Amino acid sequence: MSGILVVTEQTAGVWNRMSFETLAAGQQLARTLGKSASAVVFGSETGPLAAELAGYQLERVIALEHELLGSYTADAATGALSWLIAKLEPDVVLFPHTYRVRDFAPCIAARAGHALVSDVTGFHVESGVLVLERLLFQGKLNADYTSSVLGTVFASVQASAFRADTLEPGTAAVESLTPPLVAASIRQQPEPPFRESARAVDLTAAELIVAVGRGIHEEGNIALVAELAEALGAELAASRPICDSGWLPMERQVGSSGQLVSPKLYLAVGISGAIQHLVGMKGSRTIVAINKDASAPIFEVADYGIVGDLFDFVPALIEQVRKAKNG
Amino acid sequence: MKILVAIKQVPAHDSRLFIEPTGEWIEENDLGYEVNEPDAYALECALQLKEQHGGEVIVMCAGPARVSSTIREALAKGADRALHIEEDDLRHWDNLSVAQLLAKAAQTEQPDLVLTGLQSDDLGFGQTGVIMAELMGLPHATLAMSVEVVDGRLRVKCELEGGWFQYVSMPLPALVTIQSGILRLRYATLMGIKRAKTKEVRKITPAELGAAGEPGITLRRIYAPHSLKQTQMLAGSVQEQAAQLVEKLKHEVRVI
């Protein structure tokens, strides 16, 4: 098969929404390269999901089914998809850059003798060569990568880098395939997934969010940012390091491992904007960032920026917000 | 239990980065370096496993002479010995060939468990450990929040997306990539720093390991990110900045 193969992700019949962003990336890449895109959904029962994919502009949809793909394991996913890729020999394999994909996609590329370009944010063609764009230094710099060997290009696509609402509808034929998996080759034994605590704070419903990051330095200083949140009538949120340190509970974490939010106002205090945080909040309507480092990646997504010391600025802002509200 | 920890040295967290005139890489001359943060947690996890089960912790680091400081720090924290893979020009090795290099070096030690951070703070591929597992024929788990050894098997708590977790168990030997922030990191004691000076650092070259950096993917150029938005920077004194922001919040964003 020449063309693009998009690997989708589902758990117990429920899509990971990044599957559709990756399908959109696949369609876009297919148009750019003058090739066709196909998609694969893998699991123990994929019928309804494959039928759903068949409603998009794809050359074909592959339902890769095996009972050993029921509960995800790296070994089963690697075995099944490596088999499919060796059989189809696509030009490009695209994965969504999910936590699960991080667990198995590097194995698939390595087994095929290739390097996976992970967390890709975009692509373009330069003198006939496919250039994949990604971020370095946690978002501080961009980089262009090209494949320097012949054969399949493997890439995973960053969350929110492509828009699922650009997906072209169409009709595709569904093909069911059974990979040759054996139970003895699967070494990981997964237990059922669980949540640590019922989530008490629903940041996704908040209209206004004030979020705090590493720049706050000490647990005792969190109160200052909490005071700003209170003055604005906003929910208090945080980047991962703050929650890892136990300064705020995990349920207040925004980012790829926390909640994905898109409030009217997101005010980031002392957050540099590592990519894991940005994917969780860059869809916010208005973003304000206060940071001492003018080159912090948070300013790339901010509508308004203040470069300065948060310990000077935040008290001044609290005072002015209160004045504006009372006046 | 023999635990091997693969660590990487990366530019310090708050470094100002400048792009070389050729656009190929960053200016390295005035940079400060430190251990990649997730790798520091991988080392801590290994040291705690050794405290529980006994055995040996070996750190492995690839890079030029400057990585010695990162190796010494790991030894001072309690690693028993180290493996330094000497290579001055790692930037021309891609993620697959670096993992091949590390896997070959790891195989000279035949460890029971290999730990590393889930990703590097510089390149951020998040693949090295997983590729090493594939090349070494080891079962693996990624994004580990805790690692325990139960009846000779490994039981790992893995982070899934959206606040979900899952335990995964597997036989040893195995490889696990460690999530950042999962433990309290120890500091090196004065005694530890003193002892580190006498600990063994085995040096080995890619040629000795039969590894070569033939990249399958090439970094063509690096550049400053294009801003996704027209960011309006608010200037003036702190009071003026705060007043401007309140104006915007009131009349443009309409949240006050």
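In this convention, every chain numbers its residues from 1, walking through the sequence in written order. A letter from A marks each chain and a number from 1 marks each ligand, given out in the order of writing. Only residues with pLDDT of at least 70 get local features here, since the model is predicted, and only at 80 or more are side-chain atom pairs given and counted; chain-wide, interface and lining totals rely on the full set of residues.

**Student:** Whenever I open this one, the overall build of chain B confuses me. Can you help?
**Tutor:** Within chain B, the regular secondary structure consists of seven helices and 13 strands. Dimensions of chain B along its principal axes, counting C-alpha atoms only, are 65 × 45 × 40 Å. The exposure label follows from counting other C-beta atoms within 10 Å of a residue's C-beta, where the C-beta atoms are placed from the backbone and the thresholds are 20 or more for buried and 12 or fewer for exposed, leaving partly exposed in between. Residues classed as buried in chain B amount to 44% of the 256 residues present. Remark: residues whose backbone-derived C-beta atoms lie within 7 Å of one another are considered to be in contact. Of the contacts made within chain B by residues no fewer than 6 positions apart, 70% connect residues no fewer than 24 positions apart. Each helix corresponds to a stretch of at least 4 residues labelled H or I by DSSP, and each strand to a stretch of at least 2 residues labelled E; elements are numbered beginning at the N terminus.

**Student:** Looking at this structure, how should I read the interface of chain A and chain B?
**Tutor:** The figure often quoted for interface size is the accessible area lost as the parts come together. Chain A puts 69 residues into the contact, and the matching count from chain B is 64 residues. Of all the elements, helix 9 (residues 310–326) of chain A adds the most residues to the side of chain A that touches chain B, at eight residues. Classifying every residue of the side of chain A that touches chain B by side-chain character gives 34 nonpolar, 16 polar and 19 charged. Pairing of strand 9 (residues 141–147) of chain A with strand 12 (residues 217–223) of chain B involves six bridges; the strand directions are antiparallel. In the sheet register, Thr 146 of chain A faces strand 12 of chain B, and the bridge partner there is Thr 218 of chain B. Classification convention: Asp, Glu, Lys, Arg as charged; Ala, Val, Leu, Ile, Met, Phe, Trp, Tyr, Cys, Pro as nonpolar; all other residues, Gly among them, as polar. Being paired, for any two strands, means DSSP has found at least two bridges between them.

**Student:** What is the right way to look at the confidence of the model for chain B in this model?
**Tutor:** Low pLDDT marks regions whose predicted coordinates should not be analysed in detail. When pLDDT is averaged across chain B, the result is 95; 100% of the residues are at 70 or more. Both scores are given for the predicted complex: the pTM is 0.90, the ipTM 0.93. As a per-residue quantity, pLDDT reports the predictor's confidence and falls between 0 and 100.

**Student:** What am I meant to see in the domain arrangement of chain A here?
**Tutor:** Residues and elements named next belong to chain A. If you check the domain split of chain A, you get domain 1 (4–185) and domain 2 (203–326). Computed over C-alpha atoms, the centres of domain 1 and domain 2 are 34 Å apart. Taken together, the seven residues of domain 1 in the interface contact 10 residues of domain 2. Split into classes, the residues belonging to the side of domain 1 that touches domain 2 amount to two nonpolar, four polar and one charged. Domain delimitation follows an automatic or database domain assignment.

**Student:** Could you clarify how one ought to interpret the sheet that holds strand 17 (residues 286–291) of chain A in this entry?
**Tutor:** Two strands in a sheet stick together by hydrogen bonds in their backbones, pointing the same way (parallel) or opposite ways (antiparallel). Ordered in space as 15(A)-14(A)-16(A)-17(A)-18(A)-13(B), the six strands form an open sheet in which the pairing is parallel. The strands lining the two open edges of the sheet, one partner per strand, are strand 15 (235–238) of chain A together with strand 13 (232–233) of chain B. Where strand 18 (residues 304–307) of chain A lies against strand 13 of chain B, two bridges are found, and the strand directions are parallel. Residue pairing in the sheet places Gly 305 of chain A in a bridge with Met 233 of chain B of strand 13 of chain B. Contacting strand 14 (208–212), strand 15 and strand 16 (265–269) of chain A, helix 5 (residues 222–232) of chain A crosses the sheet at an angle of about 170 degrees to strand 14 of chain A. Every axis in this analysis is a line fitted to C-alpha atoms, fitted for helices over the stretch in contact. Angles between the N-to-C directions lie between 0 and 180 degrees.

**Student:** Sorry, what's going on with helix 3 (residues 95–107) of chain B here?
**Tutor:** Residues spaced three or four apart along an α-helix point in a common direction, a consequence of the helix completing one turn every 3.6 residues. Residues and elements named next belong to chain B. Here the expected span of a helix is defined as 1.5 Å times the quantity of residues minus one. With 13 residues, helix 3 ought to run about 18 Å at 1.5 Å a step, and its terminal C-alpha atoms sit 18 Å apart, in line with that. Where burial is concerned, most of helix 3 is hidden: 11 out of the 13 residues are buried. Inspection of helix 3 places Asn 95, Leu 96, Ser 97, Val 98, Ala 99, Gln 100, Leu 101, Leu 102, Ala 103, Ala 105 and Ala 106 among the buried residues, and these make up the whole buried set.

**Student:** In this structure, what is going on with the domain arrangement of chain B? I would like to understand it.
**Tutor:** Here chain B is described as being made up of domain 1 (2–209) and domain 2 (225–256). Using C-alpha coordinates to define each centre, domain 1 of chain B is positioned 42 Å away from domain 2 of chain B.

**Student:** So what exactly am I meant to see when it comes to unusual backbone geometry here?
**Tutor:** If a residue is not glycine, its phi is most likely negative; likewise, a peptide bond is most likely trans. Between Leu 172 of chain B and Pro 173 of chain B the backbone carries a cis peptide bond, its omega angle lying at 0 degrees. Residue placement: Pro 173 of chain B occurs in the loop between strand 9 (164–171) and strand 10 (174–178). For Ser 160 of chain A, which is not glycine, the phi torsion reads 65 degrees and is therefore positive. With respect to the helices, strands and loops of the structure, Ser 160 of chain A is situated in the loop between strand 10 (153–157) and strand 11 (173–177). For Ser 160 of chain A, a count of 17 C-beta atoms within 10 Å puts it in the partly exposed group. Even without a glycine there, the phi angle at Gln 110 of chain B is positive, about 50 degrees. Here Gln 110 of chain B is to be found in the loop between helix 3 and strand 6 (113–117). You can call Gln 110 of chain B exposed: it has 9 C-beta atoms within 10 Å.

**Student:** What is the right way to look at the sheet that holds strand 1 (residues 4–7) of chain A in this model?
**Tutor:** Here 10 strands make up an open sheet; going across it, the order is 11(A)-5(A)-4(A)-1(A)-6(A)-10(A)-7(A)-8(A)-9(A)-12(B) and the pairing mixed. Pairing within the sheet leaves two strands with one partner each, and these edge strands are strand 11 of chain A together with strand 12 of chain B. In this sheet, adjacent strand axes meet at a mean angle of 35 degrees when their direction is disregarded. Looking at chain direction, strand 7 (residues 116–126) of chain A and strand 10 of chain A are connected through three bridges and run parallel. Looking at strand 10 of chain A, one finds that Val 120 of chain A is bridged to Val 157 of chain A. Here helix 3 (residues 74–88) of chain A sits on the sheet in contact with strand 1, strand 4 (37–43), strand 5 (60–65), strand 6 (92–96) and strand 11 of chain A, set at roughly 150 degrees to strand 4 of chain A.

**Student:** Where do I start with the packing of helix 4 (residues 99–111) of chain A against helix 4 (residues 128–136) of chain B in this structure?
**Tutor:** Axis separation between helix 4 of chain A and helix 4 of chain B bottoms out at 8 Å; the angle between their running directions is 50 degrees. As the angle between them shows, helix 4 of chain A and helix 4 of chain B are arranged oblique. Every pair of crossing elements has a handedness; the one defined by helix 4 of chain A and helix 4 of chain B is right-handed. Contacts from Asp 103, Pro 106, Cys 107, Ala 110 and Arg 111 of chain A of helix 4 of chain A reach helix 4 of chain B at Val 130, Ile 131, Glu 134 and Leu 135 of chain B. Taken together, the residues of the contact of helix 4 of chain A with helix 4 of chain B break down into six nonpolar, no polar and three charged. Note that the term roughly parallel is reserved for angles under 35 degrees, roughly antiparallel for angles over 145, roughly perpendicular for angles of 65 to 115, and oblique for everything else. The sense of a crossing depends on the near helix, which, turned anticlockwise from the far helix by less than a right angle, makes the crossing left-handed and, turned clockwise, makes it right-handed.

**Student:** Help me out: how do you make sense of the pairing of strand 5 of chain A in this one?
**Tutor:** Look at any regular strand and the pattern is simple: side chains alternate between the two faces of the sheet. All names here are of chain A. With five of six residues buried, strand 5 lies mostly within the body of the structure. Following the chain from strand 4 across helix 2 (residues 47–53) to the adjacent parallel strand 5, one finds a crossover that is right-handed. Here five bridges tie strand 5 to strand 11, and the two strands are oriented parallel to one another. Counted as the bridge partner of Ala 63 is Ser 176 from strand 11. A crossover counts as right-handed when, viewed with the strands pointing away from the observer, the path leading from the first strand over the helix to the second turns clockwise.

**Student:** Would you mind showing me how to read the packing of helix 9 of chain A against helix 7 (residues 238–251) of chain B here?
**Tutor:** A packed helix pair is summarised by two numbers, namely the angle formed by the two axes and the spacing between the axes. Contact pair helix 9 of chain A / helix 7 of chain B: the axes reach a minimum separation of 9 Å and the direction vectors enclose 45 degrees. Relative to helix 7 of chain B, the element helix 9 of chain A is oriented oblique. When the axes of helix 9 of chain A and helix 7 of chain B are compared, the crossing they make is right-handed. Of the residues in helix 7 of chain B, those in contact with Asp 312, Phe 313, Ala 316, Leu 317, Gln 320, Val 321 and Ala 324 of chain A of helix 9 of chain A are Val 238, Gln 239, Gln 241, Ala 242, Ala 243, Leu 245, Val 246 and Lys 250 of chain B.

**Student:** Quick question: what am I supposed to make of helix 3 of chain A here?
**Tutor:** Residues and elements named next belong to chain A. In this model helix 3 runs 21 Å from its N-terminal to its C-terminal C-alpha over 15 residues, within 8% of the 21 Å that 1.5 Å per residue would give. For helix 3, the full list of buried residues reads Ala 74, Ala 76, Ala 77, Thr 78, Gly 79, Ala 80, Leu 81, Leu 84 and Ile 85. Phi for Glu 89, located one or two positions after helix 3, is positive at around 45 degrees.

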